[in-house]
Amino acid sequence: MSGDDDLLTEPLPARRPDRTRWAAVTAVALALLFAGGAVTVASAEREEAPRTPSTASADAGFARDMSVHHQQAVEMSFIVRDRTQDEEVRRLAYDIANTQANQRGMMLGWLDLWELPKVESGVEPMTWMGMGGSGDTGPLDGALMPGMATGAQLDQLRKASGREAEILYLKLMTAHHKGGVHMAEGCVQRCSVVVERDLAQGMVDAQESEILLMADMLRERGATA
């Protein structure tokens, strides 16, 4: 009996506290792993459902209005290529038409991606900049947006030829670019989509450079913007 009594009174194995600590550490590790997984899932959900601009936003307004603005630049550039044989003017016209057609495609693509209309009925152009036909820079003089040529000016360009067509195109496109720069700067200040702001800033830089180039080309032809 004394041997049995000794077994009953023998201290518990010293490793039991280690097992308890190991169980606690394991529980903490599992909790951290689960928490990390939850954060990863939440992040993945944010990536799958990004915020998109509303139809009344500056992002959508700029994409719609600048698409129309660009389309006229493409039209004027194709007109002058048929009205002159001057290689310098024809090369500039080709560059402008190609660049602005590509940018227009990007902006229309964004509107498709955002599931927004390309034409907003009942909303005047430039409303997103606080203008809409007349506003912080005055009336648009019968044109749709700043710098855009009127129908009469486009008809005049179609009827001109040679040096007359070159000068008229350079003058109209200079005004068009200045209006485009004004609009693009508005997007840089107001748009929330980073890639769209970057595109707008690129427009500002490129068109300001082309304005200087066209000023030189006009001087070579005895004219000013």
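Remember, it's a predicted structure, so these values are computed and weren't measured experimentally.

Visitor: How do you make sense of the overall build of the chain when you look at a structure like this?
Guide: A tally of regular secondary structure across the chain gives 7 helices and 0 strands. Counting from the amino terminus, the chain carries its helices and strands in the arrangement α-α-α-α-α-α-α. Split into buried and exposed, the 225 residues of the chain put 37% on the buried side. Taking the intrachain contacts of the chain between residues at least 6 apart in sequence as the baseline, contacts between residues at least 24 apart amount to 75%. Accessible surface for the chain amounts to roughly 13200 Å². Of this, 57% is attributable to carbon and sulfur atoms.

Visitor: Help me understand the state of the cysteines in this model?
Guide: Working definition of a disulfide: a covalent bond connecting the sulfur atoms of two cysteines. Going through the model one piece at a time under the given rule, you end up with 1 disulfide. Each disulfide pairs two cysteine sulfurs, and for Cys-187 the partner residue is Cys-191, the sulfurs being separated by 2.3 Å. Disulfide Cys-187-Cys-191: torsion about the S-S bond near -120°, hence left-handed. On the basis of relative accessible area, Cys-191 is assigned to the buried category, the value being 5%.

Visitor: Quick question: what am I supposed to make of the nonpolar core here?
Guide: The tendency in soluble globular proteins is for nonpolar side chains to be buried as a group. Judged by nonpolar contacts, the single largest core of 27 residues is most densely connected at Phe-62 and Met-107. Secondary-structure elements contributing two or more residues to this core are α3 (58-83), α4 (87-113), α6 (162-190) and α7 (194-220). For this core, the element with the highest residue contribution is α3, accounting for 5 residues. Residues contacting Phe-62, with those up to four places away along its chain left out, are Ser-67, Met-107, Trp-128, Met-183, Ala-184, Cys-187, Cys-191, Glu-196, Ala-200 and Met-203.

Visitor: Please clarify how α7 should be interpreted in this entry.
Guide: For the α-helix, the turn length of 3.6 residues means that residues three or four positions removed from each other point alike. Spanning 27 residues, α7 covers 40 Å between terminal C-alpha atoms, matching the ideal 39 Å at 1.5 Å per step. If you check which residues of α7 are buried, you get Glu-196, Leu-199, Ala-200, Met-203, Val-204, Gln-207, Glu-210, Ile-211, Met-214, Met-217 and Leu-218. Trailing α7 by a residue or two, Gly-222 shows a phi angle of about 75°, which is positive.

Visitor: Quick question: what am I supposed to make of the pattern of salt bridges here?
Guide: Two side chains of opposite charge can pair, provided their charged atoms sit close to one another. A full pass over the atoms with the stated rule returns 10 salt bridges. Linking Glu-88 and Arg-221 is a salt bridge whose minimum nitrogen-to-oxygen distance equals 3.5 Å. Pair noted here: Glu-88 is in helix α4 and Arg-221 is in the segment after α7, with a separation of 133 residues, a long-range link. Linking Arg-219 and Asp-216 is a salt bridge whose minimum nitrogen-to-oxygen distance equals 2.1 Å. Residue Arg-219 and its partner Asp-216 are located together in helix α7, separated by 3 residues, close to a single helical turn.

Visitor: Where do I start with the environment of Met-126 in this structure?
Guide: Here Met-126 is to be found in the loop between α4 and α5 (151-159). For Met-126, a relative accessible area of 0% puts it in the buried group. With 19 residues separating them along the chain, Met-126 and Met-145 place their C-alpha atoms 7.0 Å apart.

Visitor: Looking at this model, I keep getting lost on the packing of aromatic side chains. Mind explaining?
Guide: The relation between two aromatic rings is expressed through the spacing of the ring centres and the mutual angle of the planes. One pass over the structure, following the stated rule, counts 2 aromatic pairs. The interplanar angle of 80° and the centroid separation of 5.7 Å between the aromatic rings of Phe-62 and Trp-128 together place this pair among those described as edge-to-face. Here the residue Phe-62 occupies a position in helix α3, and Trp-128 occupies one in the loop between α4 and α5, the gap between them amounting to 66 residues. Grouping residues by exposure puts Phe-62 and Trp-128 together as buried. Relative to Trp-114, the ring of Trp-110 lies with its centre 6.3 Å away and its plane at 20°, an arrangement referred to as stacked. In this structure Trp-114 comes out as buried when scored by relative accessible area, which is 10%.

Each value, and the rule that gives it
Residues numbered from 1 in each chain as written. Predicted model: local features only at pLDDT ≥ 70, side-chain atom pairs only at ≥ 80, totals over all residues. Heavy atoms only, no water. Helix = DSSP H or I, 4+ residues; strand = E, 2+ residues; numbered from the N terminus. Buried < 20%, exposed > 50% of the residue type's maximum accessible area, 1.4 Å probe, protein only. Contact = heavy atoms within 4.5 Å. Areas by Shrake-Rupley, 256 points an atom, 1.4 Å probe, with all protein chains shown as cover. Disulfide = S-S within 2.5 Å. Core = buried A, V, L, I, M, F, W, Y, C linked by side-chain atoms within 4.5 Å. Expected span 1.5 Å × (residues − 1). Salt bridge = Lys/Arg side-chain N within 4 Å of Asp/Glu carboxyl O. Phe/Tyr/Trp six-rings, centres within 6.5 Å; stacked < 30°, edge-to-face > 60°.

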